[in-house]
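Observations on chain architecture
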Amino acid sequence: MAAIQRGEVERYVPPENLAVPTEWDAATAFPKCAKTIGDIRDQSNCGCCWAFGGAEAASDRICIASKGKVQVPLSAQEMCFCAEDDGCDGG
């Protein structure tokens, strides 16, 4: 809010007639990245949902930003087990 008050950013006001779709699928919207977007990973009993969610989202965004040229599954395990010393205990 402070940046808006200082005039550094403008508040976004959506158009009144903005049509919001009833459904949307990223794999359909970005077909070159459908394989990366559709990659479902299993964290099993490990409490690293934060690492899995972050790694999957970043993998998808890298693919979309590169228009499908870079399709790399970033490692949730690397993020989880290299984060401090908590591992599967929730990061």
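**So, the overall build of the protein**
- Scanning the protein from terminus to terminus reveals 5 helices and 0 strands.
- Moving toward the C terminus, one meets the helices and strands of the protein in the order α-α-α-α-α.
- Scaling as 2.2 N^0.38, a compact globule of 91 residues should have a C-alpha radius of gyration of about 12 Å, whereas the protein reaches 18 Å, well beyond that.
- Dimensions of the protein along its principal axes, counting C-alpha atoms only, are 45 × 35 × 25 Å.

**Section: the state of the cysteines**
- Under the counting rule described, the total for this entry stands at 2 disulfides.
- Disulfide pairing is shown between Cys 33 and Cys 63; the S-S distance is 2.1 Å. Judged by the sign of its S-S torsion, about -95 degrees, the bond between Cys 33 and Cys 63 is left-handed. With Cys 33 in the loop between helix H2 (26–29) and helix H3 (34–37) and Cys 63 in helix H4 (residues 49–65), this pair connects stretches of sequence that are 30 residues apart. Exposure class is identical for Cys 33 and Cys 63. Each is buried.
- One disulfide in the model links Cys 48 with Cys 80; its S-S distance is 1.6 Å. A torsion of 45 degrees about the S-S bond marks the disulfide between Cys 48 and Cys 80 as right-handed. You can see Cys 48 sitting in the loop between H3 and H4 and its partner Cys 80 sitting in helix H5 (residues 76–81), a full 32 residues away along the chain. The pair Cys 48 / Cys 80 is uniform in exposure class, with both members buried.
- The thiol sulfur of Cys 49 is not disulfide-bonded, and the nearest other cysteine sulfur, from Cys 48, lies at 7.9 Å.

**Topic: the pattern of salt bridges**
- Evaluated as defined, the whole model comprises 2 salt bridges.
- A salt bridge links Arg 6 to Glu 8, with the shortest nitrogen-to-oxygen separation between them at 2.7 Å.
- On the basis of relative accessible area, Arg 6 is assigned to the exposed category, the value being 54%.
- Classification of Glu 8 by relative accessible area gives exposed; the value is 53%.
- A salt bridge links Asp 39 to Arg 41; the shortest N-O distance between them is 3.4 Å.
- By relative accessible area, Asp 39 is classed as partly exposed at 32%.

**As for the side chain of Ser 66**
- Summarising the element assignment, Ser 66 is placed in the loop between H4 and H5.
- Residue Ser 66 is classed as buried on the basis of its relative accessible area of 18%.

Cut-offs and rules
Residues numbered from 1 in each chain as written. Predicted model: local features only at pLDDT ≥ 70, side-chain atom pairs only at ≥ 80, totals over all residues. Heavy atoms only, no water. Helix = DSSP H or I, 4+ residues; strand = E, 2+ residues; numbered from the N terminus. Rg over C-alpha atoms; globule rule 2.2 N^0.38 Å. Disulfide = S-S within 2.5 Å. Buried < 20%, exposed > 50% of the residue type's maximum accessible area, 1.4 Å probe, protein only. Salt bridge = Lys/Arg side-chain N within 4 Å of Asp/Glu carboxyl O.

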